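# Residue-level structural notes
Here's the letter readout for the chains.
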Amino acid sequence: MNIEEKYIKEVKKELENLKKNLGNIKSWNEEIELIKSKINSYNENTLGFKSGGRTFDLNSIIEKDEAKINILKSQINHTEYKLKKVKIYMNSLNEEESKLIELKYLDKDIDTISFAALGAIMSCSKATAKRTYDNAIGKIVKYKYETELKQT
């Protein structure tokens, strides 16, 4: 495997992870709201309980829930940061390439999409959609790694 293939695989994996995380943001926000609601109900109580010889109070549960909220918020912030970076990389793409990457990776409403379906949406053949995709990934790789090399 040459260096360019390695970078192409890294960019594709990064885009796939971003797509997965973009799909998770809604559930992460819902979980945050649920935990906050639970914490609010705990704050109205000062109960404690014993289990297996250990005593627990609601403060320790609240602390764990607040830590979980912080983790979820961190995941959301990291995903938003990665999205901004990808959008910067996409500045090197033409309109057709950009639309294809948007549809394939950044559209939260599309779970997975084939090149045939992308071609149909973009009024081109499956082969043209695949070629456009390959060109777009190549440009993203070039832009990303040239930019990173310049910064070091």
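Note that the coordinates shown come from a computational prediction; the quantities given were computed from them, not determined experimentally. (Residues numbered from 1 in each chain as written. Predicted model: local features only at pLDDT ≥ 70, side-chain atom pairs only at ≥ 80, totals over all residues. Heavy atoms only, no water.)

### A few points about helix α3 (residues 95–106)
Where α3 is concerned, the buried positions are E97, S98, L100, I101, L103, K104, Y105 and L106. For α3, the capping residue at the N-terminal end is N94, with a side-chain oxygen 3.0 Å from the backbone nitrogen of E96. (Buried < 20%, exposed > 50% of the residue type's maximum accessible area, 1.4 Å probe, protein only. Helix = DSSP H or I, 4+ residues; strand = E, 2+ residues; numbered from the N terminus. Polar contact = N/O pair within 3.5 Å; in protein donor to acceptor, adjacent residues only side chain to side chain.)

### Quick word on the packing of aromatic side chains
Scanning the model with the defined rule gives four aromatic pairs in all. Geometrically, the ring pair formed by Y7 and Y145 is stacked, given 3.9 Å between the ring centres and 20° between the ring planes. Linking Y7 in helix α1 (residues 3–43) with Y145 in helix α5 (residues 126–151), this pair joins segments that are 138 residues apart in sequence. Looking at Y7, the relative accessible area reads 26%, which means it is partly exposed. Residue classification places Y145 among the buried positions, given a relative accessible area of 11%. Pairwise contacts between aromatic rings join Y105, F115 and Y133 into one cluster. (Phe/Tyr/Trp six-rings, centres within 6.5 Å; stacked < 30°, edge-to-face > 60°.)

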